[in-house]
Amino acid sequence: MGKEINGQGEERTAFEIGVVVPKRAVKESDESADCVEVLVRKFKEAGLIVERVIGIADEFIKLAAPLETLGRAAAELQIKKPTQMGMDLQFEWDDVEAFVRQPDGSLFSWRERFHCFNHLIYGIVNKRNSAVTLKFDDKEFHWELGKSLLQMLEAEGIVKQVFPLHDEIKRKQLLRNWALNWSGFTSQPIDDIYSYFGTKVATYFAFLGMYTRWMLFPAVFGITLQMVNLRSSQSMVLPIFFISIILWAVMFFQFWRRKNAALLTRWQISYSGVADPGCKISGSDWNSLQSPVELIKKVETDRAREKEVFQRAEWFGHMMRFRNDVIILLSIICLQLPFELAYAHLYEVTHPIALKYGLTAIYLLAIQYFTKIGGKLSVKLIKYENNESTEYRADSLVYKVFGLYFMQSYIGVFYHALLHRDFKTLRQVLIQRLIVSLVLENLMENCIPYLKYSYRKFGVRNKKRREKGSSTGKIQFTSRVEKEYLKPSYSASIGEELEDGLFDDFLELALQFGMIMMFACAFPLAFAFAALNNVTEIRADALKLLAMLKRPVPRAAATIGAWLNIFQGKWKIEPGLAAILIMEHVLLLIKFGFSRFVPEEPAWVRANRMKKATHAQMCSKQLLRTFSGGEKMFVGSEKKSE
């Protein structure tokens, strides 16, 4: 956290933003024309504290902001904050004592501070009467009138990246009290997580912790059913178990709503205050760069054109959505179904248990590749929809991608459950999937970020050695900011422009929940496996966020959004997804219909087989009678000889 109350009651200022620029081959003699020097000077004029760090391959500018600088920026942004009177009012720096502080004692939340930082650094514009010529390594750039300096340098490739920095003191405290604290089981410092990562990450971990604690009841029930030999009463106990877990799920989600409301109240967050506008009207983005009043004036200039534009945008969006849905549908039919059927067939003909585990691991890796393709198609599909806000756009993406993941993850299980109706094979499939996914997903979540980080460090070292012309000598990364820059970002696998890494984490939980709820009666121990996985997931995700990834960009979220509807089975089905589901059921009906109306063997073959079976039965009876008669004759001859 950037602001922390010290012993004197003042807030400690920490560096929270990092700006990356390349090392200069030639230092400009005229610093007034050097674009990096100008950028640093403008940062200082904006009231920011600047520290420059020279790394191995790049130069880093660390930024911190005194409380007054953030307060002035919050007032300019007209941020609403709760007051001591119980009302939400626009923040004013002169009346700072009237506003309620955060649970950790700081004045602004991490999301508010990040918003203020963006306003300060991207709000540096050319206010002179003409363009300014800037230089970098003998290259000239023109800073146009009214243009943002940082955006211009990003477009020219001078500024490589702007990213949030970890606060080392707070990070180590969370590592000690949260990520490495296994004795706490599911207990977590939720308020500290909120203060450091923001609302969305804290809400995810609060949901995961509560979900894992509540899972102990069905886990104990399932272990009891598995260990106790019920015999004849099993047909009565399993329905009771199924009804009990349905009631458990209903109660859990109701109590989660209560907990979510309590957390929002404690964090001073209102539902209306977290929506990010993102509606598109007539091709324009409805965001902070252009006010709704200006957009309305632009549209109202011509009423007839307004109606035409809206109608064209509406129908064009529908047509493009339908086109992309058809593409996804054909991809599923042509690629996914044959792959699933091939896996199911190979699973049946494979006998050694070790090979089945290996086949399941390969299958899970393969479906991840298929689902990423479907997810990226869904991201493209979202771009053609006129959603009211970024929240609606994110929810639409969640519904589409989960529908694809749902089918691609469960088709193989449904194949064993519905077509073969082999209870033993179904249980083996569930056990192997839960065990392999537990090991595989945790390894991938933690190993892949570390491998990416190691590969980037290796690339920087190699580049430095080539510049020196020597392949010997050890190159050490001494600056913490450079190490953070080389770490991967916390982004979704389907595209970071719409969602962060929580998309994948929630998706994993939703697929797990669907698995254990739909097939609990076939394998009651599934809840125990899921509880064990989630306890590990809490610590693994915490370690990943604190040690292996960059600090996430805070995103607004009052609830877990569309994921709650998915967990409760109330998720909205898009037209394209509905078409996919209908097509899937139609294919199953066609399969059943052909199996009923088109026999597997002709009538004459079946008659010949029955004739041979009858003849073989008659012959076997005659042989049995002959054998019995011969045995009787043999016994009678023995008696006569005696």
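Computed from a prediction, not measured in an experiment: that's the story for all the values here. (Residues numbered from 1 in each chain as written. Predicted model: local features only at pLDDT ≥ 70, side-chain atom pairs only at ≥ 80, totals over all residues. Heavy atoms only, no water.)

**Q** What should I look at first to understand the overall build of the protein chain in this one?
**A** Within the protein chain, the secondary structure is distributed over 20 helices and twelve strands. Taken over 642 residues, the protein chain has a buried fraction of 45%. Per element, the accessible surface of the protein chain, about 34,100 Å² overall, is 60% carbon and sulfur. (Helix = DSSP H or I, 4+ residues; strand = E, 2+ residues; numbered from the N terminus. Buried < 20%, exposed > 50% of the residue type's maximum accessible area, 1.4 Å probe, protein only. Areas by Shrake-Rupley, 256 points an atom, 1.4 Å probe, with all protein chains shown as cover.)

**Q** So what exactly am I meant to see when it comes to the sheet that holds strand β4 (residues 49-54) here?
**A** Strand pairing in a sheet relies on backbone hydrogen bonds. The paired strands run either parallel or antiparallel. What the four strands build is an open sheet, ordered β4-β5-β3-β10; its pairing is antiparallel. Looking at which strands have only one partner, the edges of the open sheet turn out to be β4 and β10 (161-164). This sheet shows a mean twist of 25 degrees between the axes of neighbouring strands, independent of strand direction. Across the sheet, helix α1 (residues 35-45) lies against β3 (17-22), β4 and β5 (58-64), angled at about 150 degrees from β4, the strand it touches most. (Pairing = 2+ DSSP bridges. Axes fitted to C-alpha atoms, helices over the stretch in contact; angles between N-to-C directions. Contact = heavy atoms within 4.5 Å.)

**Q** What exactly am I supposed to notice about the pattern of salt bridges here?
**A** Once their charged atoms are close, side chains differing in charge can pair, the charge on each being opposite to the other. In the structure shown here, the tally under the stated rule is 16 salt bridges. R52 is the partner of E37 in a salt bridge, and the nearest nitrogen-oxygen pair spans 3.1 Å. Residue E37 is found in helix α1, and its partner R52 is found in strand β4; the two are separated by 15 residues along the sequence. When the shortest N-O distance is used, the salt bridge between D192 and K170 registers 3.9 Å. With D192 in helix α6 (residues 190-197) and K170 in helix α5 (residues 168-179), the pair connects residues that are 22 residues apart, well separated along the chain. Under the relative-accessibility criterion, D192 is labelled partly exposed at 24%. Within the structure, one salt-bridge network assembled from shared partners comprises E168, R171, R480 and E484. (Salt bridge = Lys/Arg side-chain N within 4 Å of Asp/Glu carboxyl O.)

**Q** Looking at this structure, how should I read the packing of α5 against helix α17 (residues 526-548)?
**A** Helix-helix packing is characterised by the crossing angle of the two axes and by the distance between the axes. For the pair α5 and α17, the least separation of the axes is 10 Å and the interaxial angle reads 170 degrees. By the angle between their directions, the pair α5 and α17 is classed as roughly antiparallel. Only I538, R539, A542, L543, L546 and A547 of α17 make contact with α5, whose side of the interface consists of R171, L174, L175, W178 and A179. Split by residue class, the contact of α5 with α17 holds nine nonpolar, no polar and two charged. (Parallel < 35°, antiparallel > 145°, perpendicular 65-115°, else oblique. Nonpolar A, V, L, I, M, F, W, Y, C, P; charged D, E, K, R; others polar.)

**Q** Even after reading the chapter, I still don't get the nonpolar core, so can you show me in this structure?
**A** The nonpolar side chains of a soluble globular protein tend to be buried with one another. The biggest cluster of nonpolar side chains holds 74 residues, and the ones touching the most others in it are W178, F197, F207, Y211, F527 and W563. Discounting residues that sit within four places of it in the chain, F207 has contacts with F252, F253, W256, F506, L509, I560 and F567. Core analysis: the second largest hydrophobic core is formed by 43 residues, V19, V21, L134 and F136 among them. (Core = buried A, V, L, I, M, F, W, Y, C linked by side-chain atoms within 4.5 Å.)

**Q** Sorry if this is basic, but what is going on with the packing of helix α7 (residues 199-214) against α17 here?
**A** At a minimum axis separation of 9 Å, α7 and α17 run at an interaxial angle of 160 degrees. Taken together, the axes of α7 and α17 lie roughly antiparallel to each other. α7 and α17 meet at a crossing whose hand is left-handed. Packed against α7, whose contacting residues are V201, Y204, F205, L208, G209, Y211 and T212, the element α17 presents A531, N534, V535, E537, I538, D541, A542 and L545 at the interface. (Left-handed = near helix turned anticlockwise from the far one by under 90°.)

**Q** Even after reading the chapter, I still don't get unusual backbone geometry, so can you show me in this structure?
**A** One can expect most non-glycine residues to show negative phi and most peptide bonds to be in trans. Positive phi values are uncommon outside glycine, yet Q78 reaches one of about 55 degrees. Assignment of secondary structure puts Q78 in the loop between α2 (67-77) and β6 (80-82).

**Q** Whenever I open this one, the packing of aromatic side chains confuses me. Can you help?
**A** In total, this model carries 26 aromatic pairs according to the counting rule given. Sitting over the ring of F163, K550 keeps its end group 5.8 Å from the ring centre. Sitting over the ring of Y196, R551 keeps its end group 4.1 Å from the ring centre. (Phe/Tyr/Trp six-rings, centres within 6.5 Å; stacked < 30°, edge-to-face > 60°. Lys NZ or Arg CZ within 6 Å of the ring centre and 35° of its normal.)

**Q** What is the right way to read the environment of A33 from this model?
**A** Within the secondary structure, A33 sits in the loop between β3 and α1. Between the C-alpha atom of A33 and that of T133, which follows or precedes it by 100 residues, the distance is 6.8 Å. When sequence neighbours within four positions are dropped, the list of residues in contact with A33 reads T133, L134 and K135.

**Q** How should I be thinking about helix α3 (residues 110-122) in this particular structure?
**A** Helical geometry note: an α-helix holds 3.6 residues per turn, so side chains three or four residues apart project in the same direction. Between its first and last C-alpha atoms α3 spans 18 Å; for 13 residues at 1.5 Å apiece the expected length is 18 Å, and the two agree. All of the buried residues in α3 are W110, E112, R113, F114, C116, F117, L120 and I121. (Expected span 1.5 Å × (residues − 1).)

**Q** What is the right way to read the confidence of the model for the protein chain from this model?
**A** The predicted structure's coordinates, where accompanied by low pLDDT, should not be read in detail. This prediction gives the protein chain a mean pLDDT of 75; 63% of its residues lie at or above 70. Note on residues 1-10: pLDDT under 50 across the span, and 36 contacts to partners over four residues away in sequence or across chains. (pLDDT = per-residue confidence, 0-100.)

**Q** Where do I start with the pairing of strand β9 (residues 139-143) in this structure?
**A** Note: strand β8 (residues 132-136) against β9, five bridges, orientation antiparallel. Bridge pairing in β9 places K135 opposite E140. Between β8 and β9, which follow one another and run antiparallel, lie two residues, and D137 among them has a positive phi close to 50 degrees.

**Q** Even after reading the chapter, I still don't get the side chain of N126, so can you show me in this structure?
**A** Relative to the helices and strands, N126 resides in the loop between α3 and β8. Here the side chain of N126 touches W143 through a polar contact of 2.9 Å, landing on its backbone oxygen. What N126 contacts, discounting residues up to four positions off in sequence, is A131, V132, W143, E144, L145, G146 and K147. (Polar contact = N/O pair within 3.5 Å; in protein donor to acceptor, adjacent residues only side chain to side chain.)

**Q** Any chance you could explain the environment of S187 here in plain terms?
**A** Position of S187 relative to the elements: it lies in the loop between α5 and α6. Of the residues examined, S187 reaches a relative accessible area of 43% and is grouped as partly exposed. Residues S187 and G209, 22 residues apart in the sequence, show an inter-C-alpha distance of 6.9 Å.

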